[in-house]
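So you can see what is in the structure, the chains are spelled out below.
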Amino acid sequence: MRFLCVASDPAGHIWAGSRQHGLFKITNERTEIFRSEQGIGSNYVRALLVAKNGDLWIGTDGPDQLLRHSGGKFEAISHEGSLQAIRGLAETTDGTVWVGTSNGRLLRVVGSKLVSKTGVEGSALISIRTLHATPDGSLWIGYAGDGLGHIKDGKYQRITTEEGLRDNYISQIQHDDFGSLWLAGNRGLFQVERSQLQNSSQFGSRAIRMRTFGRNDGLPSLQISRNYSPTSAKDSSGNLYFSTYNGLLRVNPKKYRGDALVPPVRLERVLVDHQLVGSYRKRDARAFTAEGANLLDLSSRGAILRLPPDHNRINIDFATLSLASPETVNIRYRLKGLSDKWEISDNQYEAQFSRLPAGKYEFEVIAANNNGSWSREKASLLITVSPFFWQTWWFKLGVGAFTALIAGGLVFLGLRRRHRLVMQRIRTKRALEQERSRIARDIHDELGASLTRISLLAQPAVEPKDETIKKKLGQIHSTARHLMRSMDGVVWAIDPEHDTCDDLASYLSSYAQEFLEVAGITCRIRMPLELPEHSLSAQLRHNLLLAFKEALNNIVKYAEATEVKVTLESENEELILKLEDNGSGINPMAESDPNRPASGRGLENMNTRMKEIGGTCVVESSPEKGTAITFQVPLRGVI
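Residues numbered from 1 in each chain as written. Predicted model: local features only at pLDDT ≥ 70, side-chain atom pairs only at ≥ 80, totals over all residues. Heavy atoms only, no water.

1. Concerning the packing of helix α4 (residues 501–518) against helix α5 (residues 538–559)
Taken N-terminus to C-terminus, the directions of α4 and α5 make an angle of 20°; their axes are 11 Å apart at the nearest point. As judged from the angle between their axes, α4 and α5 are roughly parallel. Considering the relative orientation of α4 and α5, their crossing is right-handed. Between α4, through Leu 504, Tyr 507, Leu 508, Tyr 511, Ala 512, Phe 515 and Leu 516, and α5, the contact on the second element is made entirely by Leu 544, Leu 545, Phe 548, Lys 549, Leu 552, Asn 553 and Val 556. When its residues are assigned to classes, the contact of α4 with α5 shows 12 nonpolar, one polar and one charged. (Axes fitted to C-alpha atoms, helices over the stretch in contact; angles between N-to-C directions. Helix = DSSP H or I, 4+ residues; strand = E, 2+ residues; numbered from the N terminus. Parallel < 35°, antiparallel > 145°, perpendicular 65-115°, else oblique. Left-handed = near helix turned anticlockwise from the far one by under 90°. Contact = heavy atoms within 4.5 Å. Nonpolar A, V, L, I, M, F, W, Y, C, P; charged D, E, K, R; others polar.)

Structure (structure tokens):
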């Protein structure tokens, strides 16, 4: 018969769990067997724990469940979620019973129910192999591939090979009376101080010093048994016991409290693309050939390995010397410049690197004895990798200069083309202005002369006696003079010499004074001393002038005013022209009077002309205050 787990209670009873025959209770007088029909639920018992209060905790398979034996009765502990094989049972100093399962769940017993410990399970739910409690109140968890877990005062910590742990597969855990923790796993048996494990997060990857035990220390087998609880124990004398597939291992911790010598480490040889390029003191057989005369001597300090940029692979062999237990030597290496992280060599005395980028590197290797003491002196090799020609500074400088030259050329061509376009627009504008000047002169000279002649012919030296003829000649004379005044406005509008705001103000002032003087209306002009130096287009001046004339004409005809105030000002890149009278006022929203010709067309025409040049026309009127007409024209972007 094969027993899987054994435990003893304070009464001196021995409890043993078997695979098929249930739970055995062994005393000096007799042996009692409990099977599924006696209330344990399954004949497959894989875990036992005797609590400090005398209760026996039992983990079974088929079904997977936890039971408590107390007062001669078995009680099944309920749980939520999936509960697979129970591989670890432990009781911490506060009396809490903990359960670890093969699907990575860590649970604790609360009353008669199992409750999951939150913040412990990883995303992959790594299998738990063992649990162990230490007198300081800590709970230690051995994982299958995820290192060592630690819980104390509600805080969880995980320690792996990244922090210096020798093995990520932990199957058995025990503590001794000297502050050390003993770990058994796939790579053998290890000893480490608990304080180092608890403070591992405060130090680098070399912080944890572990002592490794091999065959020269009497270790019979590297195959540690697992998946049952308990698989290790401690007796009253402080001796530790670990179960293996070859038998029981006993350890006396008192014998392993001293430090051993740290093994030296050195570089043996270097191969680049399978070609030997360096050897320790050139002891390689190829070093004595003509080809080996150029080999790098790895024993010399400051040796530099210079590599071409097109290398593909680098192999660096190193060795350590340990007469006590060579298989327990720990070796780590790193390539500074590529990574500052230490790599574990796994007893493979070789480091391999693929093609390295151009730059400077330093290969370092260190070793530790089975007591976890690391060598202070490291074996090192400086490595320099030459860059490809396109990675050199002079090539980059040349490419940068060439790029800058091309960019400068493109910028020059762009600026030249832009300059040509600007000059072309200036020439076009100048030609247009010249043509406008010519048209203005022709209109003024030819059409003006003709209208003057018509006006003179309409005033004969001898006044005709026929009243009809006299009336007709008077109309012709008035029409000719009106056309001459209109022609002056058109010529002024298209003449480029009058494109400034000052010319606009001067013309509007003189026109208003002359027009209102004839009508017997007082004209008051308010103009600023300085106006913006904007060039005004012929269209803007033409539409603004006609709207201004329309407003004056309406005042003279319909307002019955005795005074008109004309104001011109510039504000926020806008030109504001305002006419105010003291007349009877008008209703700008009133409908047209059918009895008056062209009634209402004046306001409509003024609004239309302002819209054409992007401006607005606002009319404010009341019988008490008269009428105020405001023309507002934007100057920004006006050419």
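2. Looking at the pattern of salt bridges
Taken as a whole, this structure holds 13 salt bridges when the rule is applied. One salt bridge in this structure joins Glu 32 and Arg 30, with 3.8 Å as the shortest N-O distance. A salt bridge links Lys 152 to Asp 136, with the nearest nitrogen and oxygen atoms 3.8 Å apart. Highlighted residues: Lys 152 in strand β15 (residues 148–152) and Asp 136 in the loop between β13 (128–133) and β14 (139–143), separated in sequence by 16 residues. What you see here is one network of salt bridges that share partners, running through Arg 334, Glu 364 and Lys 378. (Salt bridge = Lys/Arg side-chain N within 4 Å of Asp/Glu carboxyl O.)

3. Focus on the sheet that holds strand β9 (residues 86–91)
Strand order in the open sheet formed by four strands is β9-β10-β11-β12, with antiparallel pairing between adjacent strands. The sheet terminates laterally at β9 and β12 (113–116), the two strands that pair on one side only. The mean angle between the axes of side-by-side strands here comes to 30°, regardless of whether they run parallel or antiparallel. The pairing of strand β11 (residues 106–110) with β12 spans four bridges and is antiparallel. Bridge pairing links Leu 107 to Ser 116 in β12. (Pairing = 2+ DSSP bridges.)

4. A short note on the sheet that holds β15
Spatial strand order, β13-β14-β15-β16: four strands in an open sheet with antiparallel pairing. Since the sheet does not close on itself, it has two edges, and those belong to β13 and β16 (155–159), each with one partner. Averaged over neighbouring strand pairs, the angle between their axes works out to 20° when direction is ignored. Bridge count for β13 against β14 is five bridges, and the pairing is antiparallel. Considered in β14, the bridge of His 132 is made with Trp 140.

5. Some words on the nonpolar core
The biggest cluster of nonpolar side chains holds 38 residues, and the ones touching the most others in it are Leu 544, Phe 548, Leu 577, Leu 579, Met 606, Met 610 and Phe 631. Secondary structure elements with two or more residues in this core: α4, α5, β35 (563–571), β36 (574–581), α6 (601–612) and β38 (626–634). Here the element with the most residues in this core is α5; it accounts for nine residues. When near neighbours in sequence (up to four residues on either side) are disregarded, Met 610 contacts Asn 543, Leu 544, Ala 547, Gly 615, Thr 616, Cys 617, Phe 631 and Val 633. (Core = buried A, V, L, I, M, F, W, Y, C linked by side-chain atoms within 4.5 Å. Buried < 20%, exposed > 50% of the residue type's maximum accessible area, 1.4 Å probe, protein only.)

6. A short note on unusual backbone geometry
For the bond running from Gly 62 to Pro 63, omega is 5°, close enough to zero to count as cis. Of note, the amide linkage connecting Ser 229 to Pro 230 takes the cis form, showing an omega dihedral of 0°. Looking at the element boundaries, Pro 230 is found in the loop between β20 (210–213) and β21 (232–234). Of note in the backbone geometry, Asp 273 takes a positive phi value of approximately 55° without being a glycine. Within the fold, Asp 273 resides in the loop between β24 (265–272) and β25 (275–279).

7. Overview of the pairing of strand β37 (residues 616–622)
One ladder, built from seven bridges, connects β37 with β38; its direction is antiparallel. By the bridge assignment, Glu 620 is partnered in β38 with Ala 628. Where β37 folds back on β38, the antiparallel hairpin that results is connected by three residues.

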